[in-house]
Amino acid sequence: MKIIMLGAPGAGKGTQAKMIAEKFAIPHISTGDIFRANIKNGTELGMEAKKYMDQGLLVPDELTVKILLDRVAQKDCTDGYVLDGFPRTIPQAQVLDKALTELGDHIDYAINVDVPDENIINRMSGRRACVTCGATYHIEHIPPQKEGICDKCNAELILRDDDKPETVKNRLDVYHKQTQPLIEFYSEKEVLRTVDGTQDMQNVFAAIVEILK
Ligand code: ADP
Ligand code: AMP
């Protein structure tokens, strides 16, 4: 099963994608996580991506598409995957569509996690991410057992640089201009399903499982 997660930054795509990946035993592929791992390792790609990420802008399609196509060509993706944060532009969606069509394949579902802008600022300013394993929490809604410490690996939790309020506004503007048109793109392909992302995490997941089963 090949699934795309759509939604504003902070809507809960990553949270749900990890749960879907576990339940359906498919890889969770986050282009944001791939870029952050490259930044941490000081690669050339990481340094280039950081310039855009720090401003709340999208990393150019040329860089992003190649990384994603290489990743989905790996062996563990044969039975499907859940994409989180890709595609984010119409050209990215078109490249993915073309690559899949050439393989006689297609996306099964594009799940739109719908959360209004008013809730997004709270979601992102309260998000805390593990520096080591990438697990995410929310200081009010999904707190770790010990403040500032990851439940899974005991490492430190941090506020992402691009979750600071001055960057969040840019990211939302970019979402509305460049990413939201994908809702129409996948609706025309009849694979779009929308869930109410303002519910608690377990209820959002139950709604998604209902769609996927
Ligand atoms: P995205 O991947 O769409 O950017 P995340 O999955 O990282 O978003 O979620 C953003 C923040 O909101 C995180 O702090 C996460 O713990 C929290 N969160 C996710 N889902 C919910 C939910 N249903 N209710 C409340 N908070 C949530
Ligand atoms: P995320 O972790 O999905 O919130 O992504 C964090 C940042 O990484 C985004 O704000 C972009 O700068 C960059 N990024 C992640 N995925 C993409 C993509 N598909 N296209 C362009 N930029 C991306």
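Throughout this description, residue numbers start from 1 for each chain and increase along the sequence as written. Each chain gets a letter, beginning with A, and each ligand a number, beginning with 1, in the order they are written. Since the coordinates come from a predicted model, pLDDT governs what is reported: local features require at least 70, and pairs of side-chain atoms require 80 or more to be given and counted, while whole-chain, interface and lining totals use all residues. Hydrogens and water are ignored here; the side-chain numbers use all heavy atoms of the structure.

## Observations regarding the overall build of the protein
Put simply, the rule reads: A run of DSSP states H or I qualifies as a helix once it reaches four residues; a run of E qualifies as a strand once it reaches two. Both are numbered from the N-terminal end. Within these notes, the globule rule equals 2.2 Å times the number of residues to the 0.38 power, and the radius of gyration is based on C-alpha atoms. By definition, residues are in contact when any of their heavy atoms lie within 4.5 Å. Note on charges: Lys and Arg go in the positive column, Asp and Glu in the negative column, and His and the chain ends are not counted at all. Working definition for charges: the position is that of NZ of Lys, CZ of Arg, CG of Asp or CD of Glu.
Summing up its helical and strand segments, the protein has 9 helices and 8 strands in all. Taken over C-alpha atoms, the radius of gyration comes to 16 Å for the protein, in line with the 17 Å a tight globule of 213 residues would show. Along the three orthogonal principal directions, the C-alpha set of the protein runs to about 50 × 40 × 35 Å. Here the contacts in the protein between residues at least 6 apart in sequence split such that 68% fall between residues at least 24 apart. Within the protein, one finds 26 positive and 33 negative side-chain charges whose respective centroids are separated by 3 Å.

## Structural notes on the site of ligand 2
The criterion, for reference: Any residue with a heavy atom positioned within 4 Å of a molecule or strand is treated as near that molecule or strand. By the criterion applied in these results, polar contacts are pairs of N or O atoms within 3.5 Å in which, for protein atoms, one can donate a hydrogen and the other can accept it, and in which residues neighboring in sequence qualify only through two side-chain atoms. Values of accessible area rely on a 1.4 Å probe in the Shrake-Rupley scheme; residue burial ignores everything except the protein chains shown. Under this grouping Gly is polar, as are all residues other than the nonpolar Ala, Val, Leu, Ile, Met, Phe, Trp, Tyr, Cys and Pro and the charged Asp, Glu, Lys and Arg.
Near ligand 2, the surroundings consist of 16 residues, among which Thr31, Arg36, Leu57, Gly85 and Gln92 are the closest. Here a nitrogen atom of ligand 2 and a side-chain polar atom of Thr31 are 2.8 Å apart. A distance of 2.8 Å separates an oxygen atom of ligand 2 from a polar atom in the side chain of Arg36. Coverage of ligand 2 by the protein chains reaches 96% of its 480 Å² of free accessible surface. The biggest single contributor to the shell around ligand 2 is helix 2 (residues 31-40), with 4 residues. Considering only residue class, the shell around ligand 2 consists of 6 nonpolar, 5 polar and 5 charged.

## A short note on the pattern of salt bridges
Here is the rule: By salt bridge we mean one thing: a side-chain nitrogen of Lys or Arg within 4 Å of a carboxyl oxygen of Asp or Glu. Per-residue accessibility, obtained with a 1.4 Å probe over protein chains only, is compared with the maximum for each type, and a residue is labelled buried under 20%, exposed over 50%, and partly exposed between these values.
Counted according to the given criterion, the structure contains 15 salt bridges. Between Arg36 and Asp33 there is a salt bridge; the shortest N-O distance is 2.8 Å. With Arg36 and Asp33 both in helix 2 and 3 residues apart, this pair spans about one turn of that helix. On the basis of relative accessibility, which here comes to 26%, the residue Arg36 falls in the partly exposed class. Judged by its relative accessible area of 31%, Asp33 falls in the partly exposed class. Residues Arg160 and Asp162 are paired through a salt bridge, measuring 3.0 Å at the closest nitrogen-oxygen approach.

## Some remarks on unusual backbone geometry
Residues Phe86 and Pro87 are joined by a peptide bond in cis, for which omega reads -5°. If you trace the backbone, Pro87 turns up in the loop between strand 3 (81-84) and helix 5 (90-102). Unlike most non-glycine residues, Glu190 shows phi in positive territory, near 60°. Note on placement: Glu190 falls in the loop between helix 8 (181-188) and strand 8 (192-196).

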